[in-house]
Each structure stands twice: as structure tokens, then as C-alpha cells.
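Next come the chains, spelled out residue by residue.
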Amino acid sequence: MSAVDEELFRVIADGAEVESPLWAESLRPEARREPEPVFSRLVPDERFVLGLETIYEGYLLHYGRPRLFDPPDDDVALLLGDALLAHGLVRIAETGATGAVADLGELLALCAQGRADGLDGDGAAWAATAALLDRGGLDDARQALRLERDPAPLEHLARATVGDGRVDEALAAHSARLR
């Protein structure tokens, strides 16, 4: 774990702690936090790293095992997850990259649809979105997941953009965090 990674997660935790006493109570003690980046290592532009990991932590509060938080119940987990999703999107919007905001909105919609339908493919969607964030080129692959329930085109895009090894690491870390 690098000092940069630790600082990244410290910013996420500190922001939540300042925002709400309920979020502060939901933070794990520092020694039990798992400040492990998953998809931000695939992002081509450092401006998006904090926002992406904030959004991903919110996603984990909804669907997996979060790295920084241990909410007392499902209601707090849902609310905190929503707050982190919103904060992450704000952080991305502050960069001025409207394409990145749109990409992440599409990602969250795809993942919500997949979860509602009980489908796999969210890892490929996260990996491709991270690798191509604000670069375009995701529309056809998203359609394959949305309409044909096929995550392979998204995974292929991610692998072609950042390489098999990095995608394999991200997908393994993601899979380990899901419920």
C-alpha cells in the first residue's frame, strides 16, 4: 500500500466524518480499514481517482464489503452509500469533465439494472469505464451488457486499453469484495 493510496482513503474517510456524526460512527477504526484501490488503478487521468474510489466505496456499501465503513444496519449503509456516490460524482464534476460524469452515470445505471436482474457483468463495466473514463468508445459494449446481458465486450475494451494483468487484478479484488 502506497502513501498515495492511504492518503486517498483518508480523504474519503475524513470527508464522511466531517459531514455527519452518523457517518463518523460508521467508520471502521483506522487499524481495521482496508485502503485498497480497485478500479482507480485503471484510470488514465489522476483527476478522476478520488471521485472514482469514492463512488466505488458507495457502491460497496450497497452491494459488497466496504473498505472503510462498518455501518450499524442496512438503512445506514444505504444512506451512506448514496452520499458517497453523490460526493464522488461531485468530485468528478468539479474537474469539468462532463464526459466522465456521463460515463459514471451510465456505469451506475448499468450496474443497478444488472443487480436488479441478478446478472453478472458489473466488474467488466467498472473496469471498462475506469480504463476509458472520459475517452468515449463505451456505447456499443454497454449496449451488449444492457440488451444482450453480455459483459465480454466491456471486459475486452478494458483489457485492450490497460492490459490483461491490471484488469485481472481489479476484477479479482472486485469479486472478493462483493456479497
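Residues numbered from 1 in each chain as written. Predicted model: local features only at pLDDT ≥ 70, side-chain atom pairs only at ≥ 80, totals over all residues. Heavy atoms only, no water.

Trainee: Explanation requested: the packing of aromatic side chains in the structure shown.
Mentor: Applying the stated rule across the entire model yields six aromatic pairs. Centroid distance Phe39 to Trp126: 5.7 Å. Interplanar angle 20 degrees. Geometry classified as stacked. Of this pair, Phe39 sits in the loop between helix H2 (21-26) and helix H3 (49-63) while Trp126 sits in helix H6 (residues 122-131), placing them 87 residues apart in sequence. Summarising the burial analysis for this pair, Phe39 and Trp126 share the class buried. For the ring pair Tyr56 and Trp126, a centre distance of 5.0 Å and an interplane angle of 75 degrees mean the geometry is edge-to-face. Linking Tyr56 in helix H3 with Trp126 in helix H6, this pair joins segments that are 70 residues apart in sequence. You can call Tyr56 buried: its relative accessible area is 1%. On the basis of relative accessibility, which here comes to 0%, the residue Trp126 falls in the buried class. Through a chain of ring-to-ring contacts, the aromatic side chains of Phe39, Tyr56, Tyr59, Tyr63 and Trp126 assemble into a single cluster. (Phe/Tyr/Trp six-rings, centres within 6.5 Å; stacked < 30°, edge-to-face > 60°. Helix = DSSP H or I, 4+ residues; strand = E, 2+ residues; numbered from the N terminus. Buried < 20%, exposed > 50% of the residue type's maximum accessible area, 1.4 Å probe, protein only.)

Trainee: Would you mind showing me how to read the packing of H6 against helix H9 (residues 164-177) here?
Mentor: Helix-helix packing is characterised by the crossing angle of the two axes and by the distance between the axes. Relative to each other, H6 and H9 sit at 135 degrees, their axes nearing to 10 Å. Put simply, H6 runs oblique to H9. Of the two possible hands of crossing, H6 and H9 adopt the one that is right-handed. Side by side, H6 and H9 meet where Asp122, Gly123, Ala124, Trp126 and Ala127 of the first sit next to Val167, Leu171 and His174 of the second. For the contact of H6 with H9, the per-class residue count stands at five nonpolar, two polar and one charged. (Axes fitted to C-alpha atoms, helices over the stretch in contact; angles between N-to-C directions. Parallel < 35°, antiparallel > 145°, perpendicular 65-115°, else oblique. Left-handed = near helix turned anticlockwise from the far one by under 90°. Contact = heavy atoms within 4.5 Å. Nonpolar A, V, L, I, M, F, W, Y, C, P; charged D, E, K, R; others polar.)

Trainee: It is not clear to me how the environment of Leu84 should be interpreted in this structure. Could you clarify?
Mentor: Structurally, the position occupied by Leu84 is in helix H4 (residues 74-93). On a C-alpha basis, the gap between Leu84 and Gly58 in space is 4.8 Å, while along the polypeptide they are 26 residues apart.

Trainee: Explanation requested: the side chain of Arg28 in the structure shown.
Mentor: Looking at the secondary structure, you find Arg28 in the loop between H2 and H3. Separated by 3.1 Å, the side chain of Arg28 and the backbone oxygen of Arg32 make a polar contact. Reaching out from Arg28, the side chain makes a polar contact with the side chain of Glu34 at a distance of 2.6 Å. In this structure Arg28 touches Arg33, Glu34, Pro66, Arg67, Leu68, Phe69 and Asp70, once residues within four positions along its chain are discounted. (Polar contact = N/O pair within 3.5 Å; in protein donor to acceptor, adjacent residues only side chain to side chain.)

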